[in-house]
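# Chain and residue survey
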Amino acid sequence: MTKSGSDPDFPAVAAWLLVCAAFTFAVVVVGGITRLTESGLSMVEWQPLIGAVPPLSQSDWEALFAKYRETPQFQRVFSGMDLAGFKGIFWWEYLHRLLGRTIGLVFLLPFLFFYLKNRLSKPLAWKLAGVFVLGGLQGALGWYMVKSGLVDDPRVSHFRLTAHLGLALLIFAAEFWLALSLLRVRSWMPVPAGLARYALAVATLVFVMALSGGFVAGLRAGHAYNSFPLMNGHVVPPETFMLEPWWRNFFWNVATVQLVHRAFFWLLLVLIPLLWWRARRTLAKSAAHHLLGMFAIQAALGISTLLLIVPVPLAVLHQAGAVLLLAAAIWTAQCLQSRHLQ
């Protein structure tokens, strides 16, 4: 018989999902490091099984380095790199892929245990199966992204990069949302009308802002217009709509992409404090405090990263901050929901 939401197994399932979310967070952060250090193209083959074994001998390293020397990235960007330098970028990409494989096991094995022990409700089991499928798709999408950089222009497609980031954030959001749903205690404290929908809208905007950050990263737009709050003295740079037709600017124009990312910031600068103000006397007050604080931290990280022209440590912290900001927004929205997951 399937256990109810009041049984102690639900906290166990929630704890497992929080561990999975933590692994997903780690994958996103290491993925940011691989991008910023240009390590992502160091592994030129996708080997889901045997690729889990690292080079174990000097001959293994020489063979991998020989394959890498045939790539456009080595020939056009790192032509002076020696084997020691190759190892430096290889290990970051290897760690990124290893974490992806590890989270697959961390998710699948406990899921099978809970399912076979009949400790998951049917709706929850289907949702978790969907998350696992998304994880498998994420691995394939990651290789699809890498392939776009193994060409004459050794830079991955910013569309594929953003899709890869977006799917990772979607998986994280699903894991975190479901975990909080299982942990949340039912309460009859009234919630102001429309506040739950408002919190969900804010969480959605945080997610979309993170996606716009993927375009900024993919086009290296953070290396341009390194002033704040104006963009080289302009609210809207004159180059914003230089491409024809106009809609191409939102996908290929560095000025427009950065302007859109900033626009989301300014919008959230209004919406998040307002959400905090409305939620501060509800059950979501702790979550709202964290959301407001994380937004302030993320804003400081983003502005500092821009003004200092994208130093790697700050840029990595900014990417990590995007995930934590999304988590705080999800937590706030979850606290304001009126239904408990069964």
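Here's what I pulled together on the structure shown here. (Residues numbered from 1 in each chain as written. Predicted model: local features only at pLDDT ≥ 70, side-chain atom pairs only at ≥ 80, totals over all residues. Heavy atoms only, no water.)

## Brief notes about the environment of G139
- If you trace the backbone, G139 turns up in helix 5 (residues 122–147).
- On the basis of relative accessibility, which here comes to 31%, the residue G139 falls in the partly exposed class. (Helix = DSSP H or I, 4+ residues; strand = E, 2+ residues; numbered from the N terminus. Buried < 20%, exposed > 50% of the residue type's maximum accessible area, 1.4 Å probe, protein only.)

## Focus on a nonpolar patch on the surface
- A contiguous nonpolar patch, built from F159, F241, W246, W247, F250, F251 and W252 and spanning about 720 Å² of accessible area, is present on the exposed surface.
- A per-element tally of the nonpolar patch places helix 8 (residues 249–252) first, with three residues.
- Topologically, F241 is positioned in the loop between helix 7 (195–218) and helix 8. (Patch = residues over 30% accessible without salt bridge, like charges linked within 9 Å, V, L, I, M, F, W, Y side chains within 5 Å. Areas by Shrake-Rupley, 256 points an atom, 1.4 Å probe, with all protein chains shown as cover. Salt bridge = Lys/Arg side-chain N within 4 Å of Asp/Glu carboxyl O.)

## Re the packing of aromatic side chains
- What the rule picks out here adds up to 31 aromatic pairs.
- On the basis of an interplanar angle of 25 degrees and a centroid distance of 6.2 Å, the ring pair of F107 and F132 is categorised as stacked. One end of the pair, F107, is in helix 4 (residues 83–116); the other, F132, is in helix 5, with 25 residues separating them in the sequence.
- Within the aromatic cluster, the residues linked to one another by ring pairs are W61, F65, Y68, F74, F86, F90, W91 and Y94.
- Residue placement shows R160 over the ring face of Y144; its charged tip is 3.6 Å from the ring centre.
- Directly above the ring of W277 sits R280, whose terminal nitrogen or CZ lies 3.5 Å from the centroid. (Phe/Tyr/Trp six-rings, centres within 6.5 Å; stacked < 30°, edge-to-face > 60°. Lys NZ or Arg CZ within 6 Å of the ring centre and 35° of its normal.)

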